[in-house]
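Chain and residue survey
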Amino acid sequence: QVQLVESGGGLVQAGGSLRLSCAASGIVFATKAMGWYRQAPGAQRELVARITSGGNTNYADSVKGRFTISRDNTKNTVYLQMNSLKPEDTAVYYCRSSRYSIMLDDGYWGQGTQVTVSS
């Protein structure tokens, strides 16, 4: 069974940093696109960052220059380094695995990890 287990969330002050991790199992990780999404209370879930199996990345405009997505295929893990955090970054962050080498609309979700940024 596919499992995506997020970790690294928590409470930080504005301007601080967090590093989220997502450990994947049950998939051929190295062949799959991976992504991070987030959902704030009362809001729609939105794409934050994505990375193809080849390592190409894309970011939401709201996090460009502050967040970095990366992957370690030897550990079946995708990371989201979050710097210069803002209160508006507060959300539940979800790991996403595509069924394909790029991030298409078919895949799996992790359980989510809470990120809270205080002002």
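To be clear, the structure that these remarks concern was listed above.
The notes below deal with the structure included here. (Residues numbered from 1 in each chain as written. Predicted model: local features only at pLDDT ≥ 70, side-chain atom pairs only at ≥ 80, totals over all residues. Heavy atoms only, no water.)

**Examining the overall build of the chain**
Regarding its fold elements, the chain presents 0 helices and 11 strands. Helices (α) and strands (β) of the chain occur, in sequence order from the N terminus, as β-β-β-β-β-β-β-β-β-β-β. Expected size for 119 residues packed as a compact globule is a radius of gyration near 14 Å; at 13 Å, the chain falls within 12% of this value. Seen through its C-alpha atoms, the chain measures out along the principal axes to roughly 40 × 25 × 25 Å. For the chain, long-range pairs separated by at least 24 residues make up 56% of all intrachain contacts whose partners lie at least 6 apart in sequence. Within the structure as shown, the chain displays about 6100 Å² of accessible surface, and the carbon and sulfur contribution to it stands at 45%. If you average the places of the 12 positive and of the 8 negative side-chain charges in the chain, the two averages end up 4 Å apart. (Helix = DSSP H or I, 4+ residues; strand = E, 2+ residues; numbered from the N terminus. Rg over C-alpha atoms; globule rule 2.2 N^0.38 Å. Contact = heavy atoms within 4.5 Å. Areas by Shrake-Rupley, 256 points an atom, 1.4 Å probe, with all protein chains shown as cover. Lys, Arg positive; Asp, Glu negative; His and termini not counted. Charge placed at Lys NZ, Arg CZ, Asp CG, Glu CD.)

**Re unusual backbone geometry**
Even without being a glycine, Asn 76 presents a positive backbone phi close to 50°. Relative to the elements of secondary structure, Asn 76 occurs in the loop between strand 7 (67–72) and strand 8 (77–82). What makes Asn 76 partly exposed here is its relative accessible area of 27%. One non-glycine residue, Ser 84, lies in the positive phi region at around 50°. (Buried < 20%, exposed > 50% of the residue type's maximum accessible area, 1.4 Å probe, protein only.)

**Here's the deal with the state of the cysteines**
Evaluation of the coordinates by the stated rule reveals 1 disulfide. Residue pairing for Cys 22: its cysteine sulfur links by disulfide to Cys 95, the two sulfurs lying 2.1 Å apart. Its S-S torsion of about -85° marks the bond between Cys 22 and Cys 95 as left-handed, since a negative value means left-handed. Remark: Cys 95 occurs in strand 9 (residues 91–98) and Cys 22 occurs in strand 3 (residues 18–25); sequence separation between them is 73 residues. Using a relative accessible area of 0% as the deciding quantity, one classes Cys 22 as buried. (Disulfide = S-S within 2.5 Å.)

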